[in-house]
Amino acid sequence: MNALRSQIDKMIDISIEYPYLEDDKYCEKWSSKDKSTVITMRYENYCCFVFNLLERGWKHFGGNKLKIEKMAIY
(Lines give C-alpha, C1' and ligand atoms only; values in the text may rest on other atoms or scores of the structure.)
Protein backbone atom coordinates (compact mmCIF):
# COMPACT_ATOMS: atom_id res chain seq x y z
CA MET A 1 0.00 0.00 0.00
CA ASN A 2 2.80 2.43 0.86
CA ALA A 3 4.46 1.73 -2.47
CA LEU A 4 1.25 2.67 -4.32
CA ARG A 5 0.90 5.88 -2.32
CA SER A 6 4.52 6.72 -3.04
CA GLN A 7 3.94 6.21 -6.76
CA ILE A 8 0.81 8.38 -6.65
CA ASP A 9 2.79 11.11 -4.94
CA LYS A 10 5.48 10.80 -7.60
CA MET A 11 2.86 11.13 -10.34
CA ILE A 12 1.52 14.28 -8.68
CA ASP A 13 5.03 15.73 -8.41
CA ILE A 14 5.69 15.04 -12.10
CA SER A 15 2.41 16.64 -13.16
CA ILE A 16 3.17 19.72 -11.05
CA GLU A 17 6.64 20.04 -12.56
CA TYR A 18 5.31 19.49 -16.11
CA PRO A 19 1.67 20.66 -16.07
CA TYR A 20 1.21 20.18 -19.82
CA LEU A 21 1.23 16.41 -19.19
CA GLU A 22 -2.29 16.74 -17.75
CA ASP A 23 -3.49 19.47 -20.12
CA ASP A 24 -6.43 18.29 -22.23
CA LYS A 25 -5.46 20.40 -25.25
CA TYR A 26 -1.91 19.04 -25.26
CA CYS A 27 -3.12 15.47 -24.80
CA GLU A 28 -5.57 15.80 -27.72
CA LYS A 29 -2.91 17.01 -30.15
CA TRP A 30 -0.17 14.59 -29.05
CA SER A 31 0.89 12.15 -31.74
CA SER A 32 2.64 8.87 -31.04
CA LYS A 33 4.41 9.27 -34.38
CA ASP A 34 6.23 12.44 -33.31
CA LYS A 35 9.04 11.45 -30.96
CA SER A 36 11.42 14.17 -32.02
CA THR A 37 11.30 16.36 -28.91
CA VAL A 38 11.97 15.86 -25.23
CA ILE A 39 8.45 17.13 -24.51
CA THR A 40 6.75 14.45 -26.62
CA MET A 41 9.02 11.72 -25.25
CA ARG A 42 8.29 12.89 -21.70
CA TYR A 43 4.55 12.70 -22.35
CA GLU A 44 4.84 9.18 -23.70
CA ASN A 45 6.87 8.08 -20.68
CA TYR A 46 4.41 9.76 -18.33
CA CYS A 47 1.53 7.87 -19.96
CA CYS A 48 3.39 4.59 -19.45
CA PHE A 49 4.06 5.53 -15.81
CA VAL A 50 0.37 6.29 -15.19
CA PHE A 51 -0.76 3.13 -16.96
CA ASN A 52 1.64 0.99 -14.93
CA LEU A 53 0.48 2.68 -11.72
CA LEU A 54 -3.15 1.93 -12.57
CA GLU A 55 -2.26 -1.68 -13.35
CA ARG A 56 -0.42 -2.06 -10.03
CA GLY A 57 -3.42 -0.64 -8.18
CA TRP A 58 -5.77 -2.96 -10.04
CA LYS A 59 -3.67 -6.00 -9.17
CA HIS A 60 -3.11 -4.90 -5.56
CA PHE A 61 -6.84 -4.61 -4.94
CA GLY A 62 -7.79 -7.61 -7.05
CA GLY A 63 -9.87 -5.43 -9.35
CA ASN A 64 -12.21 -4.51 -6.49
CA LYS A 65 -13.73 -1.20 -7.60
CA LEU A 66 -14.74 -0.08 -4.10
CA LYS A 67 -11.24 -0.66 -2.69
CA ILE A 68 -9.68 1.18 -5.62
CA GLU A 69 -12.02 4.14 -5.16
CA LYS A 70 -11.30 4.23 -1.43
CA MET A 71 -7.56 4.35 -2.15
CA ALA A 72 -8.11 7.21 -4.60
CA ILE A 73 -9.67 9.28 -1.84
CA TYR A 74 -6.84 8.83 0.66
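Details of the structure are given in the entry above.
So, a few notes on the structure that sits alongside this text.

Cut-off values and rules
Residues numbered from 1 in each chain as written. Predicted model: local features only at pLDDT ≥ 70, side-chain atom pairs only at ≥ 80, totals over all residues. Heavy atoms only, no water. Helix = DSSP H or I, 4+ residues; strand = E, 2+ residues; numbered from the N terminus. Buried < 20%, exposed > 50% of the residue type's maximum accessible area, 1.4 Å probe, protein only. Contact = heavy atoms within 4.5 Å. Expected span 1.5 Å × (residues − 1). Arc of directions from axis to C-beta. Salt bridge = Lys/Arg side-chain N within 4 Å of Asp/Glu carboxyl O.

**Digging into the environment of Gln-7**
Then, number 1: By secondary structure assignment, the location of Gln-7 is in helix 1 (residues 2-17).
Then, number 2: Residue class for Gln-7 comes out partly exposed when judged on its relative accessible area of 21%.
Then, number 3: With 38 residues separating them in the primary sequence, Gln-7 and Asn-45 have C-alpha atoms 14 Å apart.
Then, number 4: Contact partners of Gln-7, with chain neighbours within four places excluded, come to Phe-49, Leu-53 and Arg-56.

**Regarding helix 1**
Note: α-helices contain 3.6 residues per turn, so residues at a spacing of three or four share the same orientation.
Then, number 1: Between its first and last C-alpha atoms helix 1 spans 22 Å; for 16 residues at 1.5 Å apiece the expected length is 22 Å, and the two agree.
Then, number 2: For helix 1, the set of buried residues is Leu-4, Ile-8, Met-11 and Ser-15. When helix 1 is viewed along its axis, its buried side chains cluster within an angular range of 55° and face the same direction. In helix 1, the exposed residues that point more than 90 degrees away from the buried face are Asn-2, Ala-3, Ile-16 and Glu-17.

**Side note on the pattern of salt bridges**
Then, number 1: Taken as a whole and judged by the stated rule, the model has two salt bridges.
Then, number 2: With a closest N to O distance of 3.7 Å, Glu-55 and Lys-59 form a salt bridge. Taken as a pair, Glu-55 and Lys-59 lie in helix 3 (residues 38-60) at a separation of four residues, close to a single helical turn.
Then, number 3: Residue Lys-59 is classed as exposed on the basis of its relative accessible area, which comes to 60%.
Then, number 4: One salt bridge in this structure joins Lys-65 and Glu-69, with 4.0 Å as the shortest N-O distance. Taken as a pair, Lys-65 and Glu-69 lie in helix 4 (residues 65-73) at a separation of four residues, close to a single helical turn.
Then, number 5: Its relative accessible area of 57% is what places Lys-65 among the exposed residues.

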